[in-house]
Structure formats: structure tokens, C-alpha cells
Amino acid sequence: ATSAYAVYPVSAVSQEGGVVKISHSLPEVQTGVVESGMNLSSAALSVEELVAGQATAQFKNALALLQVVVPAGVSEVSLHTATGAALVGDMTFNVVDGVLSVASTGTRRTVTLSTGSELAPGTHNLLVYPGYAPTLTLTMTATDGAVYTSEVSAIRFTASESRTINLTQIFKMGTEET
């Protein structure tokens, strides 16, 4: 069956020779707006394969959703992986003969949740590229300036399921690191 790809936003698509390229950039610093459900920010990228003869198409998120549960009194949260897949930055997908493949990966291994002031308590959605992080270092900065760090092992980010990191459960308040 013949197929084509539909992409949102369409500005992410270009063509070089016979290769269709889908380029996307995820910001290293993402806002701390508490969003409910799957209402994602403008950084989202959706892709759908359209197959000849099929009457309907449903766009699918091409990015991984990382949900961070933030307690009160937090001004910034950073997630960093020293090895493994990049979390954010520029990424390019190629479509050759109807096959979607990753041409180049993101370049940044740190994503930061920040608004420049105190984060609203609750669940915050961050968008990251699908991939695997053998370890993820979490750094939380409290509004009083205290800095807390912790590591989480073996995290796989996929576009088909979200991951939730509950900072309230991971960080034992009072174990400040300097």
C-alpha cells in the first residue's frame, strides 16, 4: 500500500532531493505551567502515516511526555543524563520510500523546568525526545536556595506512554547538597 506522512506543525517539513526531512527543536528550558491531560505546548510534534485506501488518519505524538510532580516551594527542576539519548535540542527525521527514520538526534542532555519564579505545585508536562537514559540526575532548587539532587536509574522515554517522576516522593527534604 502507498503511504505518505502528515506532520504538525507543517513548518517542520522540508525536502532535499528525494528525501523528506522533518526537523524539530525542543527547548532546553521549558515553562513551568501546570497543564492537565495531554494538552501539550507549542513545542509538540505530531506525525501520522497516511495509507492509501484508509479513510481516516489520527495524528500521534512523536515526542515523549515526561510528567514531573512538583511540591510547593520549588523554583526550578533540572533533569540531566550524562550518557544515553539526548533529551532536547534539534532533531531530524528522514522519510525515504515511505519509511520514517531518525537522521540526527538532539544535542542537549539537560532539560530544565523553570518560569523564573516559584513553580506552581502540581504535575508539569515536559516534552523530551524518545530514547533511553541509563541514569537520570534530578536537581531541584527550592525557593530558599537549597539544592537537592537524586538519581533515577534506567528510564526509557517513548512516544506511546508517559513517564511520571514524583519529586515529592524522590527527594527527602532536609538532605540538602551543596
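Look up a bit, the structure's there.
Calculation rules
Residues numbered from 1 in each chain as written. Predicted model: local features only at pLDDT ≥ 70, side-chain atom pairs only at ≥ 80, totals over all residues. Heavy atoms only, no water. Helix = DSSP H or I, 4+ residues; strand = E, 2+ residues; numbered from the N terminus. Contact = heavy atoms within 4.5 Å. Pairing = 2+ DSSP bridges. Buried < 20%, exposed > 50% of the residue type's maximum accessible area, 1.4 Å probe, protein only. Salt bridge = Lys/Arg side-chain N within 4 Å of Asp/Glu carboxyl O.

Visitor: What am I meant to see in the environment of Ala 6 here?
Guide: Here Ala 6 shows up in strand E1 (residues 3–8). Sequence-wise, Ala 6 and Gln 58 are 52 residues apart; in three dimensions their C-alpha atoms are separated by 9.7 Å. In this structure, Ala 6 is in contact with Ser 46, Val 47, Glu 48, Leu 50 and Phe 59, ignoring residues within four places of it in sequence.

Visitor: How do you make sense of the sheet that holds strand E8 (residues 74–80) when you look at a structure like this?
Guide: Neighbouring strands of a sheet are bound in pairs by backbone hydrogen bonds; such pairs are parallel or else antiparallel. The sheet built from 5 strands is open, its strands ordered E4-E11-E8-E13-E14 with mixed pairing. Across the chains shown, the open sheet's two edge strands, defined by having one partner strand only, are strand E4 (29–30) and strand E14 (147–157). In the sheet, E8 pairs with strand E13 (residues 131–142) via 6 bridges, with the strands oriented antiparallel. When the bridges of E13 are listed, Ser 78 appears paired with Thr 139.

Visitor: I'm lost on the environment of Glu 48 in this one. Help?
Guide: As for its position among the elements, Glu 48 is in strand E5 (residues 46–51). A C-alpha to C-alpha distance of 8.9 Å links Glu 48 and Tyr 8, two positions 40 residues apart in sequence.

Visitor: Honestly, the pairing of strand E11 (residues 110–114) in this entry has me stumped. Any pointers?
Guide: Every regular strand shows the same layout, with side chains that alternate between the two sheet faces. Of all the 5 residues making up E11, 5 are buried; the element is thus mostly covered by neighbouring parts of the structure. Both faces of E11 are covered, namely the face carrying Thr 110, Thr 112 and Ser 114 and the face carrying Val 111 and Leu 113. Sheet topology note: the E4/E11 ladder contains 2 bridges and is parallel. Across the sheet, Val 29 pairs through a bridge with Thr 112, a residue of E11. Across 5 bridges, E8 lies against E11 in antiparallel orientation. For His 80, the partnering residue across the bridge sits in E11 and is Thr 110.

Visitor: It is not clear to me how the pattern of salt bridges should be interpreted in this structure. Could you clarify?
Guide: Opposite charge on two side chains lets them pair, provided their charged atoms get close. A complete count under the given rule lists 1 salt bridge for this structure. Two residues, Glu 28 and Arg 108, come together in a salt bridge whose shortest N-O distance is 3.6 Å. With Glu 28 in the loop between strand E3 (19–26) and E4 and Arg 108 in the loop between strand E10 (99–104) and E11, this pair connects stretches of sequence that are 80 residues apart. On the basis of relative accessibility, which here comes to 32%, the residue Glu 28 falls in the partly exposed class. Here Arg 108 falls in the partly exposed class, since its relative accessible area comes to 43%.

Read these as geometric descriptors, not functional statements.
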